[in-house]
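# Breakdown of the fold
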Amino acid sequence: AKEDYLSVVAHYVNVDWQLEKRIIGFRLIDVSHNGQNIADRVITVLEEYGLVDKVFSVTLDNASSNTTAMTKMSPKLSAYIGNLFLHQRCACHIINLMVKSALDVIKSYLEAFRTAISFINSSNQRIAKFKRYCIAVNIRPRKFGLDMDVRWNSTYLMLKHLMPYKQPFSVFIQTNYPRLEGDSVLLSDEHWNVAEKVLSYLELFYESTVALN
């Protein structure tokens, strides 16, 4: 719907001393995403649940508007434990910024894989043709999805699913992808070498993100 929402997730220890988390607020933000508007909506959710004086810390993405929001909320949320640990920077968001910056360096290689996947997925006939080829070479057929530009972990999963199919995928693309005489192949050995190295690099950050979540 191209509308913006703010989600408030509460992490807490239950009566059995087990850590749990639940979404307690999902609010439409149909105004400017400034610190005051963010703070107003978070405080409203906390007031509805009677949690204003029970907050230990708040974790937010590293955006200037969120920093401003914390400045606005701190006087109301500091009753429980003070301000020292109240504002926590999201480690997963920091990892996201680092990895996205690194992936920009190999953007051209990633675009080649996206082009190849889009080529196969562009028609049911081509999907069926790739399936028949996989069966012919005794490999279990599967479909490949594109990653999302705003989610680097989807790039990791895209490459992870592709790597076991390196040989049949490359042969199919080289055979079927149209190119003029003298043009280089869409996916060369260099593309796959880069993908393999990037995959091992991304795996470390992927596992770190899963552990932090």
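Further up the page is the structure itself.
Residues numbered from 1 in each chain as written. Predicted model: local features only at pLDDT ≥ 70, side-chain atom pairs only at ≥ 80, totals over all residues. Heavy atoms only, no water.

Take the pattern of salt bridges next. Evaluated as defined, the whole model comprises three salt bridges. As a salt-bridge pair, Arg 114 and Asp 147 come within 2.8 Å of each other at their nearest N and O atoms. Note that Arg 114 is positioned in helix H4 (residues 107–121) and Asp 147 in the loop between helix H5 (124–136) and helix H6 (152–162), a separation of 33 residues in sequence. Each member of the pair, Arg 114 together with Asp 147, is buried. What you see here is one network of salt bridges that share partners, running through Glu 111, Arg 114 and Asp 147. (Salt bridge = Lys/Arg side-chain N within 4 Å of Asp/Glu carboxyl O. Helix = DSSP H or I, 4+ residues; strand = E, 2+ residues; numbered from the N terminus. Buried < 20%, exposed > 50% of the residue type's maximum accessible area, 1.4 Å probe, protein only.)

Turning our attention to the layout of surface pockets. Vacant regions in the atomic arrangement are exposed by a probe of water-molecule size rolled over the atoms. Counted as a void, the largest pocket has a volume near 1,900 Å³. Around the largest pocket, the lining is made up of 47 residues, and of these Val 9, Ala 10, His 11, Val 58 and Thr 59 lie nearest the centre. Counting residues per element, the lining of the largest pocket draws most heavily on strand E1 (residues 5–13), at nine residues. Roughly 170 Å³ of internal volume is contained in the second largest pocket. At the level of elements, helix H3 (91–103), H4 and H6 are the ones that each hand at least two residues to the lining of the second largest pocket. Considering each element in turn, the lining of the second largest pocket owes the most residues, three residues, to H4. Here the lining of the second largest pocket is composed, by residue class, of four nonpolar, one polar and seven charged. (1 Å grid on protein atoms, 1.4 Å probe; cavity = no way out; pocket = protein on both sides within 12 Å on 5 of 7 lines; lining within 4 Å. Points joined across faces, edges and corners; volume = space filled by probe spheres on them. Nonpolar A, V, L, I, M, F, W, Y, C, P; charged D, E, K, R; others polar.)

This part covers the packing of H6 against helix H8 (residues 189–212). Remark: H6 packs on H8, axes separated minimally by 9 Å, with the N-to-C direction vectors making an angle of 130°. Looking at the two axes, H6 sits oblique to H8. In the crossing of H6 with H8, the sense of the turn from one axis to the other is left-handed. From H6, Trp 152, Asn 153, Tyr 156, Leu 157, Leu 159, Lys 160 and Leu 162 reach across to H8, where they touch Trp 192, Ala 195, Val 198, Leu 199, Leu 202, Glu 203, Phe 205, Tyr 206 and Thr 209. (Axes fitted to C-alpha atoms, helices over the stretch in contact; angles between N-to-C directions. Parallel < 35°, antiparallel > 145°, perpendicular 65-115°, else oblique. Left-handed = near helix turned anticlockwise from the far one by under 90°. Contact = heavy atoms within 4.5 Å.)

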